[in-house]
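# Structural overview
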Amino acid sequence: MSETIEISSPKKALISGISGQDGAYLAKLLLSKGYEVHGTARDAQMASFENLERLGIRGRLVFHSMALNDFRSVLQVLAKVKPDEVYNLAGQSSVGLSFELPVETLESISVGTLNLLEAIRFTGRQIKLYNAGSSDCFGNTEGLPADEETPFRPRSPYAVAKATAFWEVANYREAYSLFACTGILFNHESPLRPERFVTRKIVKAACRIAAGSKEKLHLGNISIARDWGSAAEYVEAMWLMLQQEKPEDYVIATSETYTLEDFVAAVFGAVGLDWREHVVSDVSLLRPTEIMISRSNPSKAFRELGWKARSNMHDVARLMVESENELLNAGSRPAVSQQ
Amino acid sequence: MKKALITGITGQDGAYLAELLLEKGYEVHGIKRRASMFNTDRIDHLYQDPHETERKMVLHYGDMTDSTNLIRIIQSVLPDEIYNLAAQSHVAVSFETPEYTANADAVGPLRILEAIRILGLEKKTRFYQASTSELYGLVQEIPQKESTPFYPRSPYAVAKLYAYWITVNYREAYGIYACNGILFNHESPLRGETFVTRKITRALARIKLGLQECLYLGNLDSLRDWGHAKDYVEMQWLLMQQETPEDWVIATGIQYSVRDFLDAAADELGGRIRWEGSGVDETGTWESVRKEAGDACEGKVVVRVDPRYFRPTEVETLLGDPSKAREKLGWTPRISFKELVSEMVREDLNAAERDELVKKHGYRTFDYHE
């Protein structure tokens with residue numbers, strides 16, 4: 001039965017937040033699997049979709065305007081697209097910014113997810129939902145690796161909102177038997193990360209300095225430790241979660257933890273520089289509350305999904321540097337799609 | 001003189017807390033929502049006319065869903081303590097109105113915390129968040145204490161989870177004296193009529209007098225840790241008076257089932273409920289113990305199960321461990337389960353008798369259905 005459907009009409013996926021890093025990689029993955037891929041942005045006409053341009057897939061996608069905090073818009077898009085799978089990647093995604101925009105963070109993440117769950121219930125269709133969770137929900141785990149059983153102790157308005165969305169998904173799965181699950185993703189980076197995120201900020205500065213810039217790189221606390229993986233690999237886990245018999249939540253990570261200093265050293269090393277000559281510490285960049293060490297145990301994903309990270313922090317740093325240098329070498333020429 | 005601002009002052013806890021704070025010499029400000037009918041029954045005895053001078057109790061119109069309104073009230077009151085008791089507080093209703101519940105119960109407290117920051121009151125104004133044992137939901141250990149992980153099982157509990165953690169975060173991030181009281185179920189004669197305890201005492205009193213036929217309930221096996229709201233508001237005040245803000249479980253440490261509550265209420269009314277059948281077919285038949293009562297319901301089925309009251313996800317058991325409050329603050333609940341049930345039944349019987357009398361003289365009474 002399912003085979004006939006696959007042959008006659010492709011599966012349809014709807015990605016909210018398609019203009020972001022994960023949205024772009026996921027769209028590319030789903031296209032390669034033969035999906036018809038729809039994506040949403042708050043204003044699809046005005047959105048830049050630069051990431052989708054860079055991956056050369058913009059022309060193969062269908063766009064819709066949808067704001068997750070507006071129930072009508074969610075319902076309309078679901079009714080129009082009739083997706084088999086929905087990937088909820090939208091929402092204010094910066095921890096730092098969440099201290100400045102706590103209400104927007106809550107509304108786009110928690111109220112948004114609630115609207116999506118309610119809209120799926122309303123359609124009465126068997127729509128599978130992937131929800132983008134975050135390792136930030138764990139907070140400080142005293143150096144212990146976090147798995148699916150580890151209690152949340154969120155330490156930013158972003159993490160509190162993500163914890164809320166996690167439990168909304170769990171409750172709707174249990175209360176209404178929706179196929180809905182959350183991937184608790186640890187930090188995952190790529191050349192598509194915006195500069196607001198510290199990894200890309202470091203890579204951009206290192207590449208400019210290597211190219212002759214005299215600037216200094218200002219960073220907050222570089223003793224914090226994170227588990228960094230590659231975004232392109234993490235979107236595979238998202239897809240795999242929706243192909244299981246039962247909806248469950250999974251931790252997605254590399255299981256390797258490095259300090260931000262390690263990352264800085266790797267990036268500057270990749271461009272042949274000693275980071276200590278170019279980095280200054282800046283207390284104004286410290287967050288009101290910070291997670292010191294983030295550590296993961298992604299063994300359930302390996303056991304049940306057969307998913308395992310292939311790249312570690314060093315691979316990701318190298319990939320980001322290579323890509324940045326390509327962009328720099330392209331100079332002022334307009335970006336062209338690579339396909 | 002200290003000033004306190006209570007959101008949800010028209011509710012059960014708001015009324016008891018307002019009374020307590022007035023006794024302690026506070027100037028009490030309360031926020032109430034505008035409604036087409038008066039909703040200040042519970043604080044009627046505390047009301048002071050706006051024309052009186054030196055009022056100790058002031059009501060403001062407001063709403064947890066309106067940021068500018070909250071900022072303006074807090075700016076004009078400049079409270080030393082804010083008790084956030086306002087919420088869409090009904091678990092079952094939250095499945096019907098999940099978005100409103102999130103707006104009032106999750107965004108609401110964030111709006112107040114932000115108002116404190118915006119007005120630069122981080123060092124002056126203390127914040128109490130009414131958290132709930134519903135956070136434990138599908139309990140991860142028995143009994144539940146401050147360190148027990150949460151597993152919320154309703155849109156209400158999920159919204160309250162946001163409020164709990166944002167309170168912790170604003171304490172850690174901005175140094176606000178902000179704390180959570182994780183209150184297990186607490187009841188009183190002022191409990192809303194749609195909550196199971198009050199629904200039981202009100203219905204059995206009316207059934208006894210022949211004003212009602214039968215009481216329909218959901219899960220009779222639900223286990224809860226029931227205390228008296230009057231005891232619990234003392235703890236709310238107490239945990240705002242500490243050197244450092246912390247989160248506290250407030251509970252009795254004793255557990256009863258809904259069926260136990262029914263038995264205790266019947267006993268108080270001089271009756272006994274004979275239980276028969278199981279599951280949705282379980283019934284409770286009234287047997288008079290004190291014969292002088294001459295109950296209208298003798299031998300009749302007075303309790304039935306209605307699956308309509310089952311929830312999409314049930315919380316089967318809640319039992320609090322109040323050791324921290326006892327050991328660090330010397331707090332223990334004073335009113336026992338039996339005394340609680342007894343007081344609730346007495347008040348509801350009194351109200352039912354008033355209704356009966358009014359009816360007998362040909363005047364109209366209200367039944368107030370759900």
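Going by the structure above, here's the rest.
Summarised in this report is the structure supplied together with it. (Residues numbered from 1 in each chain as written. Chains lettered and ligands numbered in written order. Predicted model: local features only at pLDDT ≥ 70, side-chain atom pairs only at ≥ 80, totals over all residues.)

## Observations regarding the interface of chain B and chain A
- At the junction of the two partners, chain B supplies 23 residues and chain A supplies 24 residues.
- Elements supplying a minimum of two residues to the side of chain B that touches chain A: α4 (98–118) and α5 (155–174) of chain B.
- In terms of residue count, the dominant contributor to the side of chain B that touches chain A is α5(B) (10 residues).
- Here the residues of the side of chain B that touches chain A are counted per class, giving 16 nonpolar, 3 polar and 4 charged. (Contact = placed C-beta atoms within 7 Å. Helix = DSSP H or I, 4+ residues; strand = E, 2+ residues; numbered from the N terminus. Nonpolar A, V, L, I, M, F, W, Y, C, P; charged D, E, K, R; others polar.)

## Details of the packing of helix α8 (residues 198–210) of chain A against helix α12 (residues 313–329) of chain A
Residue and element names in this part refer to chain A.
- Here α8 crosses α12 at 55 degrees, and the two axes come no closer than 10 Å. Taken together, the axes of α8 and α12 are oblique relative to one another. The way α8 lies across α12 gives a crossing that is right-handed. For the pair formed by α8 and α12, the contact residues are Thr-199, Arg-200, Val-203, Lys-204 and Cys-207 on the first element and Met-320, Val-321, Glu-324, Asn-325 and Leu-328 on the second. (Axes fitted to C-alpha atoms, helices over the stretch in contact; angles between N-to-C directions. Parallel < 35°, antiparallel > 145°, perpendicular 65-115°, else oblique. Left-handed = near helix turned anticlockwise from the far one by under 90°.)

## Here we look at unusual backbone geometry
- That bond from B:Ile142 to B:Pro143 is cis: its omega, -5 degrees, falls within 30 degrees of zero.
- Its place among the elements puts B:Pro143 in the loop between β5 (126–132) and α5.
- With a phi close to 80 degrees, A:Ser255 is a non-glycine residue in the positive phi region.
- By secondary structure assignment, the location of A:Ser255 is in the loop between β11 (250–252) and β12 (258–259).
- Positive phi, normally seen in glycine, also occurs at B:Glu54, with a value near 50 degrees.
- Secondary-structure assignment places B:Glu54 in the loop between β2 (27–32) and β3 (57–61).

## Looking at the environment of B:Thr125
All names here are of chain B.
- Turning to its location among the elements, Thr-125 is positioned in the loop between α4 and β5.
- On the neighbour-count criterion, Thr-125 (24 C-beta atoms within 10 Å) is buried.
- When the C-alpha positions of Thr-125 and Ala-159 are compared, they lie 24 Å apart, and in sequence the two are 34 residues distant.
- With near-sequence residues (within four places) excluded, Thr-125 lies in contact with Pro-79, Asp-80, Ile-82 and Ile-116. (Buried ≥ 20, exposed ≤ 12 C-beta atoms within 10 Å, placed from the backbone.)

## Side note on the sheet that holds strand β5 (residues 128–134) of chain A
All names here are of chain A.
- The strand order across the open sheet built from 7 strands is β3-β2-β1-β4-β5-β6-β11, with neighbouring strands paired in parallel fashion. Both edges of this open sheet fall to β3 (62–65) and β11, since each of them pairs with a single strand only. Mean inter-strand twist for the sheet, computed between neighbouring axes without regard to direction, equals 25 degrees.
- The pairing of strand β1 (residues 12–16) with strand β4 (residues 85–88) spans 4 bridges and is parallel. (Pairing = 2+ DSSP bridges.)

## Section: the sheet that holds strand β4 (residues 81–84) of chain B
All names here are of chain B.
- Taken in spatial order, the 7 strands make up an open sheet running β3-β2-β1-β4-β5-β6-β11, and their pairing is parallel. Unpaired on one side and paired on the other, β3 and β11 (248–250) mark the two borders of the sheet. On average, each strand axis in the sheet is inclined to that of its neighbour by 20 degrees, with strand direction left out of account.
- Where β5 meets strand β6 (residues 178–183), 6 bridges bridge the pair, whose relative direction is parallel. The residue bridging Thr-132 from the neighbouring strand is Leu-183, located in β6.
- On the sheet, α4 packs against β4, β5 and β6 and is oriented at approximately 170 degrees with respect to β5.
- Across the sheet, helix α7 (residues 229–238) touches β4, β5, β6 and β11, and the angle it forms with β6 is around 160 degrees.

Any functional reading would require information that these geometric values do not contain.
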